[in-house]
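# Fold and geometry: a report
Here is how the chains run, residue by residue.
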2 protein chains.
Amino acid sequence: MKIKEKNRIKIEQAIAELDFKFNPMARGLRTNKTYSIGVLIPRISDVFCTQVIEGIEEVLDPLNYSIVVCSSSDSLKQQAEKLSYLKNKLVDGIIVMPVNSLELDVKNDTESEIPIVLVDRLVNGSELDAVVCDNVNGSYSAIEMIIKKGHRKIGIVSGPEDISTAKERLTGYLRALNDYNIEINPEYIVYSPYTKDGGIDAFTQLITLKDRPTAIFTTNYPTTVNSMKCMMEKGLKIGEDISLCGYDQTDLFQLFDPALSVVVQPSKEIGQQAAKILLKRMNGNTEMLPLIQRLKTHLITTDSVKTIF
Amino acid sequence: MKIKEKNRIKIEQAIAELDFKFNPMARGLRTNKTYSIGVLIPRISDVFCTQVIEGIEEVLDPLNYSIVVCSSSDSLKQQAEKLSYLKNKLVDGIIVMPVNSLELDVKNDTESEIPIVLVDRLVNGSELDAVVCDNVNGSYSAIEMIIKKGHRKIGIVSGPEDISTAKERLTGYLRALNDYNIEINPEYIVYSPYTKDGGIDAFTQLITLKDRPTAIFTTNYPTTVNSMKCMMEKGLKIGEDISLCGYDQTDLFQLFDPALSVVVQPSKEIGQQAAKILLKRMNGNTEMLPLIQRLKTHLITTDSVKTIF
């Protein structure tokens, strides 16, 4: 909204005369609670994201907070725009699952004094609170289980190196192979975007290798679903032709025959914890800022990973 | 925000003197475009809802609209609160999937002059634009397919009678049985909430009948998934022990063996059309208001419905 310079000065004078702190621009309103929380996620159709949001709702709905959800559509540009949009809409706090770990308009955020809590992914150099999972050990436990079932040729569909969770899951994979004295085969490590269609090319690359892996580990929800699709399309049976272990959980995974082995993240709990930290910060409690909370994952082991001894 | 009465009068005088139209209260700002759209849905974790939102995003993202999503958690009280919240947040327009067909704070909506478009469910007596599916014929085609495969004992897990889509899908069921001269067995018609855990009790009731149906039609996404779960838990094989036809689509349904027969709604298109109508209304075009757009569904037929001739 444009205010003519002359008018602006007159308004400010009038307000100063009244010794009145009310400032009609957004900035001034921020000191008042709006009882609304912004949630910014990469994609609204992602099962993991919606589970996190359900956790946030469980904590904030009973306190009569309105939760507004925006999607960045996996774009840094949109993330910056939506973040500034949420701030202008005068939310009391924001929970963000960042597009990647390289960039978040953090400087601006500190200035705005609106508390921000990250979920799932850390951002390099940021001093923000965060609730994430223990991805290294989540991934490690999956690879360890696969090794214990007799596999030595284990492929991984890893995510982009600029996403902290992807990097950590790859670390877990490498660490487990090392601990069990299995040589790393660079051909078995393929990368995929973590977007909706992620995993198709990477998985296809793995299964068309001359000496293809006997087991493959997919490291997030879309890469897991799309790899399952790939196998069906090629007439390969999960757990027989190739063993598969995925990441993240949906009710439907356990209805397959065999059910799917997966690393399960406490997605609801991530949302709940993030909401609780945000509430504290919004109440002015800055104890132990920034607080990085790491939640444990658990592993579902099924016949989708074949015992090959 | 509280402004002392004395100060309020002084401020208003100061502003009046300046012949300045800027009004710091929300109402006055409404005449300015905010380039934001509110979307109010019953539940954020519902696959159908998120697909509709993706359609909305496809139309509005390229036009640089911010989309804020709120969930009513299947509660009329929350629906009213969130609706008023969205209006106060100065969105230019709102797309609503109503909790049920009985109630929406319509009077208020007309006053606020913010265009509202309904999706999926109609509201009795409302004069709002709406994009819905042809539920009667969607359901009819499923029952017709089941009949043509030889079934005569066909159960339905219907939704609450106060949701228009549920009512229409039941109508399709009754009409198809009538057209094929199959007597209606009231025991085969059971009702379930359309909430997240919907369908479990209703489906269990059907399969524990002395003379149980050979085929069952579940009429939305949660009732379909939960009925699948029921069958697995009871060791019943879909398409062999009992035939199943569901509603709504997720990629995973087609990965089961057998794949699941489902009525597929053009969920993305519902969102796209709703966004297009909303854009028209926000631009002041009131042609043919209220416009009710009905989109066709299509049927996926698989061996989850057994041929029993």
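Please read these numbers as outputs of a predicted model, since none were measured by experiment.

How each quantity is defined
Residues numbered from 1 in each chain as written. Chains lettered and ligands numbered in written order. Predicted model: local features only at pLDDT ≥ 70, side-chain atom pairs only at ≥ 80, totals over all residues. Heavy atoms only, no water. Buried < 20%, exposed > 50% of the residue type's maximum accessible area, 1.4 Å probe, protein only. Helix = DSSP H or I, 4+ residues; strand = E, 2+ residues; numbered from the N terminus. Arc of directions from axis to C-beta. Contact = heavy atoms within 4.5 Å. Domains from an automatic or database assignment. Buried area = accessible area lost by both parts, 1.4 Å probe. Salt bridge = Lys/Arg side-chain N within 4 Å of Asp/Glu carboxyl O. Polar contact = N/O pair within 3.5 Å; in protein donor to acceptor, adjacent residues only side chain to side chain. Patch = residues over 30% accessible without salt bridge, like charges linked within 9 Å, V, L, I, M, F, W, Y side chains within 5 Å. Areas by Shrake-Rupley, 256 points an atom, 1.4 Å probe, with all protein chains shown as cover. Lys, Arg positive; Asp, Glu negative; His and termini not counted. Charge placed at Lys NZ, Arg CZ, Asp CG, Glu CD. 1 Å grid on protein atoms, 1.4 Å probe; cavity = no way out; pocket = protein on both sides within 12 Å on 5 of 7 lines; lining within 4 Å. Points joined across faces, edges and corners; volume = space filled by probe spheres on them. Phe/Tyr/Trp six-rings, centres within 6.5 Å; stacked < 30°, edge-to-face > 60°. Lys NZ or Arg CZ within 6 Å of the ring centre and 35° of its normal. Pairing = 2+ DSSP bridges. Axes fitted to C-alpha atoms, helices over the stretch in contact; angles between N-to-C directions.

### Thoughts on helix α8 (residues 200-207) of chain A
Residue and element names in this part refer to chain A. Taken together, the buried positions of α8 are occupied by A202, F203, L206 and I207. The arc that holds the buried residues of α8, viewed along the axis, is 125 degrees, so those residues lie on one side. In this structure, the buried residues of α8 make contact with β6 (154-158), β7 (189-191), β8 (215-218), α9 (221-233) and β9 (243-247).

### With respect to the domain arrangement of chain A
Residues and elements named next belong to chain A. For chain A, the domain assignment lists domain 1 (27-133 + 267-295) and domain 2 (135-264). Relative to domain 2, the C-alpha centre of domain 1 lies at a distance of 30 Å. Opposite the 16 residues of domain 1 that make contact, domain 2 presents 15 residues. Together domain 1 and domain 2 conceal approximately 1,100 Å² of surface at their shared face, both sides included; 48% is due to carbon and sulfur atoms. In terms of surface lost to domain 2, no three residues of domain 1 exceed V47, R121 and C133, which account for 31% of the buried area on that side. With a shortest N-O distance of 3.3 Å, R294 and E168 are connected by a salt bridge. At the junction of domain 1 with domain 2, the criterion picks out 6 residue pairs in polar contact (both at pLDDT 80 or more).

### Looking at a negative patch on the surface
A contiguous patch of negative charge, built from D257(A), D303(A), D257(B) and D303(B), is present on the exposed surface. In this fold, D257(B) is placed in the loop between β9 (243-247) and β10 (261-264).

### Let's talk about empty space enclosed by the protein
All names here are of chain B. Summed over the entire model, instances satisfying the criterion amount to 4 cavities of 30 Å³ or more. Roughly 180 Å³ of internal volume is contained in the largest cavity. Along its surface, the largest cavity is lined by 19 residues, and D46, M97, R121, Y194 and N220 are the ones closest to its centre. At the level of elements, α3 (47-60), α7 (164-179) and α9 (221-233) are the ones that each hand at least two residues to the lining of the largest cavity.

### Quick look at the packing of aromatic side chains
The tally for this structure, following the rule as stated, stands at 7 aromatic pairs over all chains. When the ring of Y35(A) is compared with that of Y65(A), the centres are 5.0 Å apart and the planes differ by 45 degrees; the resulting orientation is tilted. On the criterion of sequence distance, the pair formed by Y35(A) in the loop between α2 (26-29) and β1 (36-41) and Y65(A) in the loop between α3 (47-60) and β2 (66-71) is long-range, its members being 30 residues apart. Their ring planes at 45 degrees and their centres at 6.0 Å tell us that F217(B) and Y247(B) sit as a pair that is tilted. A residue pair is termed long-range when its members are at least 10 positions apart, and F217(B) in strand β8 (residues 215-218) and Y247(B) in strand β9 qualify at 30 residues. Stacked on the ring of Y247(B), the Lys or Arg R169(B) has its end atom at 3.9 Å from the ring centre.

### Some thoughts on the sheet that holds strand β12 (residues 298-300) of chain B
All names here are of chain B. Pairing within the open sheet is mixed, and its 6 strands lie in the order β7-β6-β8-β9-β10-β12. A single partner strand is all that each edge strand has here, and the edge strands are β7 (189-191) and β12. Averaged over all pairs of adjacent strands, the angle between their axes in this sheet comes to 15 degrees, without regard to strand direction. Of the pairings in the sheet, the one linking strand β6 (residues 154-158) to β8 comprises 4 bridges and is parallel in character. Bridge pairing in β8 places V157 opposite T218. The sheet strands contacting helix α8 (residues 200-207) are β6, β7, β8 and β9, and the helix crosses β6 at an angle near 165 degrees. The sheet contacts of α9 involve β6, β8 and β9, and relative to β9 the element is tilted by about 150 degrees.

### Observations regarding the pairing of β10(B)
Residue and element names in this part refer to chain B. Side chains of β10 alternate between two faces, with S261 and V263 and V262 and V264 buried alike. Here β9 runs beside β10; their pairing, made up of 3 bridges, is parallel. Counterpart to C245 in the pairing with β10 is S261.

### Considering the sheet that holds strand β12 (residues 298-300) of chain A
Sheet strands pair via backbone hydrogen bonds, and the direction of the pair is either parallel or antiparallel. Residue and element names in this part refer to chain A. Spatially, the 6 strands line up as an open sheet ordered β7-β6-β8-β9-β10-β12, and their pairing is mixed. This sheet does not close on itself; its edge strands, each paired only once, are β7 and β12. Strand-to-strand twist in this sheet, taken as the mean axis angle between neighbours without regard to direction, amounts to 15 degrees. Its contacts with the sheet put helix α7 (residues 164-179) on β6, β7 and β9, and the angle it makes with β6 is roughly 170 degrees. Against the sheet, α9 touches β6, β8 and β9, its axis set at about 150 degrees to β9.

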